[in-house]
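In case you want the letters, here they are:
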Amino acid sequence: MAFQKAVKGTILVGGGALASVLGLSQFAHYRRKQVNLAYVQAAECVSEPVNREPPSREAQLLSLQNTAEFDILVIGGGATGCGCALDAVTRGLKTALVERDDFSSGTSSRSTKLIHGGVRYLQKAIMKLDIEQYRMVKEALHERANLLEIAPHLSAPLPIMLPVYKWWQLPYYWVGIKLYDLVAGSNCLKSSYVLSKSRALEHFPMLQKDKLVGAIVYYDGQHNDARMNLAIALTAARYGAATANYMEVVSLLKKTDPHTGKERVSGARCKDVLTGQEFDVRAKCVINATGPFTDTVRKMDDKNAAAICQPSAGVHIVMPGYYSPESMGLLDPATSDGRVIFFLPWQKMTIAGTTDTPTDITHHPIPSEEDINFILNEVRNYLSCDVEVRRGDVLAAWSGIRPLVTDPKSADTQSISRNHVVDISESGLITIAGGKWTTYRSMAEDTINAAIKTHNLKAGPSRTVGLFLQGGKDWSPTLYIRLVQDYGLESEVAQHLAATYGDKAFEVAKMASVTGKRWPIVGVRLVSEFPYIEAEVKYGIKEYACTAVDMISRRTRLAFLNVQAAEEALPRIVELMGRELNWDDYKKEEELETARKFLYYEMGYKSRSEQLTDRSEISLLPSDIDRYKKRFHKFDADQKGFITIVDVQRVLESINVQMDENTLHEILNEVDLNKNGQVELNEFLQLMSAIQKGRVSGSRLAILMKTAEENLDRRVPIPVDRSCGGL
Ligand SMILES: Cc1cc2nc3c(=O)[nH]c(=O)nc-3n(C[C@H](O)[C@H](O)[C@H](O)COP(=O)(O)OP(=O)(O)OC[C@H]3O[C@@H](n4cnc5c(N)ncnc54)[C@H](O)[C@@H]3O)c2cc1C
């Protein structure tokens, strides 16, 4: 630690040399991360983790089962629950955490991915002179700085543009945003600034130009939410917390307090969802951190407990990266229905959202077509009419449930608390609910403070400010270069590994298999257009991935980025997981089926394929129909009325294009609506009609057939007199 601190001090003073090595922008980012040295110092009193690697899930289950009594048992493995476990264990408390599904499978993997104070809340604080709202923003801005510092590999500052279309808005927004910087104080990431119309268009060329006056750019943080959640869980496990996913609390245990004669919560009956085995976990204090399921657990404690959670669903859509600049987001401060919509670059794609609709509580929220179209329409309002915003460009969509809460102790039971609520029941159950991702750490600190006080636990103050999360400690902006040089990974893959695993990326690289090519030497991709490699599947199991869904959605983020690509990667992922976890054929089939259903319902595949399978009408001009029929018959040379894989192979061979059979099957399968192994003329015309209407995009078959047709047409025999050939 002392050495690390000394090195950091040197960087602050002698930044010139480092700046020239890293390049100015990277240096600015790196230097910013060094500014708040107070955080690092605060964490220095925490002892080193007890485990070099997190123990296996089996070892964690044994620990849960065999520990006579924990100090703290946390229910829920989202950001809030994992934050509580980390706060408790680093104070020296004997800590356990159980999560019914996977870590971050709930709301915490479905957020907008912003680490923010909330510019909008600040506006409200000022307009309504609301001190509580102001304090909330101030606290969130402090937490924003801390999170960027403790997990630098998983987070980064992001400039966000606020386009201005009316002159009077310019000073109004400018003052608001400057106040945001001011409230952040020393935690300000970078100063906001005003852009002229032409400079705004330079940064964001796809922006709607008409009536644009200029723009204001401010900074917030952005992160990989599910990976961040996992990093918190893994860090807690390394410090000694017994954490297990797929362990559901089915009821609470109670015992009578000998002093008061009252019933006290003393643990929970847990069920291993993967095996069905049940056992009791005993603890002095039980914390309910179940997000939208807050009231379900509260009712396990007291069946008459009043409901405090008002669930509201928020949908996001993912579009190709070219819809937004690579490193600038956009904020629409007043959508047609008065909400805020963000339009942000994320993992080389663009995410847009969110909606806010009252909902029932469910484990499996589904994005509706209505919500997807609402977001698309809002996006259309902001983008230039040169950019055709097509329904077919929605590559994935998901819905998350906000656990908004009312304070049960508040006189006004109708008002939703803007902050988080820590509630202590008669029997000592502690509930932490509400808040936001950004403030998970301070929420956890408040909760553990309450736990210590209520249950007379022996522990010191919170130590999580400045405490590095797994992978963050030895990460540096140039770490990926060592991955390329030492292991022979592609630069894009190395950057992805460094940004996902931080200093643990070397362990993933060590597991990477040889490609057999001259370059890259190692790192076989799971799908060609994403930098995820097969070694991540093997490593993901060490990070407690138990199912194929865990792997496609929270170890890798494929399902969130492109459902079709995730579906294509699934068979290989299941094969690799099967090898590691000894799955038989039946289990593999079951995993495939469950993961496909997950993609279909929860990740927007259903909506996407419904665009294609909508057989309502083929609306093409007669001239277009003739043109497409001609193209079709280039492949269906013997006029059977359908195309098979053999037809496509024959045409590709004649124009010297090589394509492996699996890829060809996938390409045909996308269009083969009735799944009979062939594409009929009608299916082809339907596809072309959907493409014209923008409902479908990026159809590989359509592009391949068009290209092949152009190649075939170009190959007219050259007359001998022009070829200069022949004797
Ligand atoms: C659409 C949307 C966008 C958002 N965007 C942002 C943003 O950009 N920035 C930001 O700061 N915040 C954002 N938020 C808020 C933030 O995501 C949430 O506040 C946060 O993720 C809540 O975390 P949690 O741990 O409380 O809940 P969850 O992540 O839902 O975790 C609760 C966990 O409890 C588990 N559980 C439930 N019952 C049991 C049981 N009986 N036994 C064991 N486990 C159980 C569940 O499986 C679940 O994993 C957003 C929220 C939404 C909905």
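None of these values were measured; they are calculated from a predicted model.

Caption draft 1: How the structure looks around the overall build of the protein. For the protein, the count of helices and strands is 29 helices and 20 strands. Contacts spanning at least 24 positions in sequence make up 72% of the contacts within the protein whose residues lie at least 6 apart. As displayed, the protein has an accessible area near 31,400 Å², and 54% of this comes from carbon and sulfur atoms.

Caption draft 2: Expanded view of the environment of threonine 547. Tracing the sequence through the fold places threonine 547 in the loop between α18 (535-542) and α19 (548-555). With 27 residues separating them along the chain, threonine 547 and valine 574 place their C-alpha atoms 8.6 Å apart. Discounting residues that sit within four places of it in the chain, threonine 547 has contacts with Tyr246, Met577, Trp583 and Glu591. Within the local environment of threonine 547, its side chain forms a polar contact with the side chain of aspartate 550, the two groups lying 3.0 Å apart.

Caption draft 3: Examining helix α13 (residues 369-382) more closely. Its 14 residues place the ends of α13 21 Å apart at the C-alpha level, agreeing with the 20 Å of an ideal helix rising 1.5 Å per residue. Along α13, the residues classified as buried are Asp371, Ile372, Phe374, Ile375, Leu376, Glu378, Val379 and Tyr382.

Caption draft 4: Representation of the packing of aromatic side chains within the structure. Applying the stated criterion to the full structure yields 14 aromatic pairs. With a centroid separation of 5.6 Å and an interplanar angle of 75 degrees, the aromatic rings of tryptophan 437 and tyrosine 440 are classed as edge-to-face. Residue tryptophan 437 is classed as buried on the basis of its relative accessible area of 10%. Residue tyrosine 440 is classed as buried on the basis of its relative accessible area of 3%. Here the aromatic cluster, defined as three or more aromatic residues joined through ring pairs, consists of Trp168, Tyr172 and Tyr173. Taking the ring centre of phenylalanine 293 as reference, the NZ or CZ of arginine 100 above it sits at 4.5 Å. Its end group placed over the ring of phenylalanine 642, lysine 640 keeps NZ or CZ at 5.3 Å from the ring centre.

Caption draft 5: Representation of the site of the ligand within the structure. Around the ligand, 36 residues are found, and the nearest of them are Thr80, Glu99, Ser108, Leu114 and Thr438. At 2.5 Å, a side-chain N or O of serine 108 approaches an oxygen atom of the ligand. With respect to the ligand, the side chain of threonine 438 contributes an N or O atom lying 2.7 Å from an oxygen atom. Coverage of the ligand by the protein amounts to 95% of the 1,000 Å² it exposes when considered alone. At the level of elements, α6 (79-90), β8 (247-256), β11 (309-319) and β16 (396-405) are the ones that each hand at least two residues to the shell around the ligand.

Caption draft 6: Local environment of the UniProt feature "domain: EF-hand" (unreviewed entry) in the protein. Listed under "domain: EF-hand" (unreviewed entry) in the UniProt record, and renumbered for this structure, are residues 623-658 and 659-694. The span residues 623-658 is 64% helical and 6% strand by assignment, and the distance between its end C-alpha atoms comes to 32 Å. Along residues 659-694 one finds 67% helix and 6% strand; the C-alpha atoms at either end are 27 Å apart.

The rules behind each value
Residues numbered from 1 in each chain as written. Predicted model: local features only at pLDDT ≥ 70, side-chain atom pairs only at ≥ 80, totals over all residues. Heavy atoms only, no water. Helix = DSSP H or I, 4+ residues; strand = E, 2+ residues; numbered from the N terminus. Contact = heavy atoms within 4.5 Å. Areas by Shrake-Rupley, 256 points an atom, 1.4 Å probe, with all protein chains shown as cover. Polar contact = N/O pair within 3.5 Å; in protein donor to acceptor, adjacent residues only side chain to side chain. Expected span 1.5 Å × (residues − 1). Buried < 20%, exposed > 50% of the residue type's maximum accessible area, 1.4 Å probe, protein only. Phe/Tyr/Trp six-rings, centres within 6.5 Å; stacked < 30°, edge-to-face > 60°. Lys NZ or Arg CZ within 6 Å of the ring centre and 35° of its normal. Near = heavy atom within 4 Å. UniProt positions renumbered as here; feature names shortened; annotations may be inferred.

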